[in-house]
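Residue-level structure breakdown
Each chain, letter by letter, is given below.
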Amino acid sequence: MTGGRAPVALEMARLLAAAGCEVHVAESLRYYLCRVSNAVASRTAVPAPAIDPEGFLAGLEQVVRREAIDWIVPTCEELFYVSAGKERLERLCRVFAAPIGQLRRLHSKWSFIRRTEELGFAVPATRLLADPSEWRDMMELSVDAPPADKREREWPDGCVLKPAFSRSGTHVRFVKPRTDGDAGRPAERARCGSRLPAESGYPWVAQQYIRGRGLCTYSIVHEGRLTAHAAYAVTYAVPGGACYYFEPLRHPALMEWVSAFARLERFTGQLAFDFIETDDGRLYPIECNPRATSGLHLFGNGERIADALFDPDSLGGTIVEPQPSASTMLALPMLALGWRSGTAAGGWRTWLGKLASARDAVYRRDDPRPFFEQPLMLNELRRIARARGRSIMEAMTADIEWNGEGEWP
C-alpha cells in the first residue's frame, strides 16, 4: 500500500490484513496512522512523490523487490505518481491503478464535467476560469447582474468556485447572487471580497450552485464492472469540506449511475463521486475522485474487499456492499465539530445518538496504537503547515498532491 496517513489507508490495511493479506506500507511522512498498526507487516520511508517523483518510484521498486510484493494499491493522491510509473512498476508486480491520462481526465473538475456530459449524463453548468479576466466576466454575467435587470440570471442561486485540481474542499468559495439593497452596504462590500479573482493557482472552475442534498459514493471497479460499492449522505462535515460521519445509504439510482459511468469509461481502480440530489430525485455529479475515499470506512464488518480488489471473479458477479448497520465516524472531529451542526444534521440529540452508535474508524481495541498516533501526526502537519504557509488540511496532502503537472502520456 502506498500512503499510510489517512484514516481510509488504515481502514484498507485492516481490511486486507483481516482477509489474510500481508500488508506493507510505503509512506513519506514521519508519523502516520499505519506506522503503528498491527495490520501492517512492514513500513518503509520513501521520498515525497510531489517533491521527488523519481526517488519515490525507485523507493517503491526497492520495497517490491525486498518484500516480494504481489500488488501495489495506492490510497491517496500518490496514486497519480504511481500511475505515471505504472509501466515501470508492472515489470515487478501488479498495480491497481488506471492509466495516468484517464486519471487526469477524471481528477480535473473541468475535464470530468466535460467527459460526463459527453457520455450523456446531466451535469451542472460549469465554466473554466483560466485567468482573472475570465473570473471577472463570469461574475458580472452570472451573479453580479443587477436584480432589476429584466433578463433572467443564468445561475439564480449563485455559484461554487474551486481550483480545477483540488481536494477535501480546500479553497472552495460559495458566491450568492446580488440582491436589491446590497449595493453600498458595508457587509455586502466585505462579502464581495470572496468574489475577487484568486491570486494564483489557475485554472479554476465556476459551477452552478444546485439546491439539494449531498451524496457521496465509493466503488471498486474492474474493466468497467463494479465489484464493491458504497454510498452515504453528507450530514456531518467540515463546512465546505470533508465528511467525518458515514452511514450506509441504499440508493439504486445512484448505483446505476456509477455503474453506467464506470462501464462507459472502461475504468479499473478505485472510483468515488460527489453528487447533489435535487428534491425531485435528479442526480448531478459535482466531482470525481479516482482513488480511495472515506466510503471505504463502511466496509468494516468483514465484507470481501480483498476479493473485490484482487479476485473479482470469485464474487460470481455480485457487488460487495456495506451492511446496513455499518455507521462509522472519525471520533475526534465528530466530538469537536459535530455538536455544532444544529438543525442541519438533526440537532444535538441526533448527534449524541449517532456518536454513541457509530464505530470510530481509527480506534480498535485489538489495534489501539493508531488512535494515539494522531497527536504526533497532527504536530508534524502543523510544522509542515507553518513552514509552507498552508493550512493543516493542505499540509495533509502537500507532499503527495498532484495538480496536473508533468508531460505524462
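The notes below deal with the structure included here. (Residues numbered from 1 in each chain as written. Predicted model: local features only at pLDDT ≥ 70, side-chain atom pairs only at ≥ 80, totals over all residues. Heavy atoms only, no water.)

Thoughts on the sheet that holds strand β13 (residues 283–289)
- Spatial strand order, β10-β9-β12-β13: four strands in an open sheet with antiparallel pairing. With one partner strand each, in any of the chains shown, β10 (225–233) and β13 form the two edges of the open sheet. Each adjacent strand pair in this sheet contributes to an overall mean axis angle of 25°, direction not counted.
- Here strand β9 (residues 213–222) pairs with β10 via eight bridges, running antiparallel. Residue I220 lies in a different strand from β10, and its bridge partner there is A228. (Pairing = 2+ DSSP bridges. Helix = DSSP H or I, 4+ residues; strand = E, 2+ residues; numbered from the N terminus. Axes fitted to C-alpha atoms, helices over the stretch in contact; angles between N-to-C directions.)

Quick notes on the nonpolar core
- By size, the foremost hydrophobic cluster in this structure holds 56 residues, and its most contacted members are M1, M12, C34, F299 and I305.
- For this core, the element with the most residues is helix α1 (residues 7–18), which contributes seven residues.
- Leave out the neighbours within four places in its chain, and C34 touches M1, G4, A9, L10, A13, V25, V40 and R43.
- Within the second largest apolar cluster, 47 residues are counted, among which are A26, V258, F261 and L271. (Core = buried A, V, L, I, M, F, W, Y, C linked by side-chain atoms within 4.5 Å. Buried < 20%, exposed > 50% of the residue type's maximum accessible area, 1.4 Å probe, protein only. Contact = heavy atoms within 4.5 Å.)

As for helix α5 (residues 100–107)
- Within α5, the full set of buried residues consists of I100, Q102, L103, L106 and H107. Down the axis of α5, the sector holding all buried residues measures 160°, keeping them to one side.
- At its buried positions, α5 is contacted by α3 (79–84), α6 (109–118), α9 (252–265), β12 (269–277) and β13. (Arc of directions from axis to C-beta.)

With respect to the sheet that holds strand β7 (residues 173–175)
- Spatial ordering of the open sheet is given by β5-β8-β6-β7, a layout of four strands whose pairing is antiparallel. One side of each edge strand has no neighbouring strand; the edge strands of this open sheet are β5 (126–129) and β7. Strand-to-strand twist across the sheet, computed as the mean angle between neighbouring axes with direction ignored, equals 20°.
- Bridge count between strand β6 (residues 159–163) and strand β8 (residues 204–208): five bridges; the pairing is antiparallel. Counted as the bridge partner of C159 is Q208 from β8.
- In this fold α6 packs onto β5, β6 and β8, with an angle of close to 145° to the strand it touches most, β5.

By themselves, these figures tell us nothing about what the structure is for.
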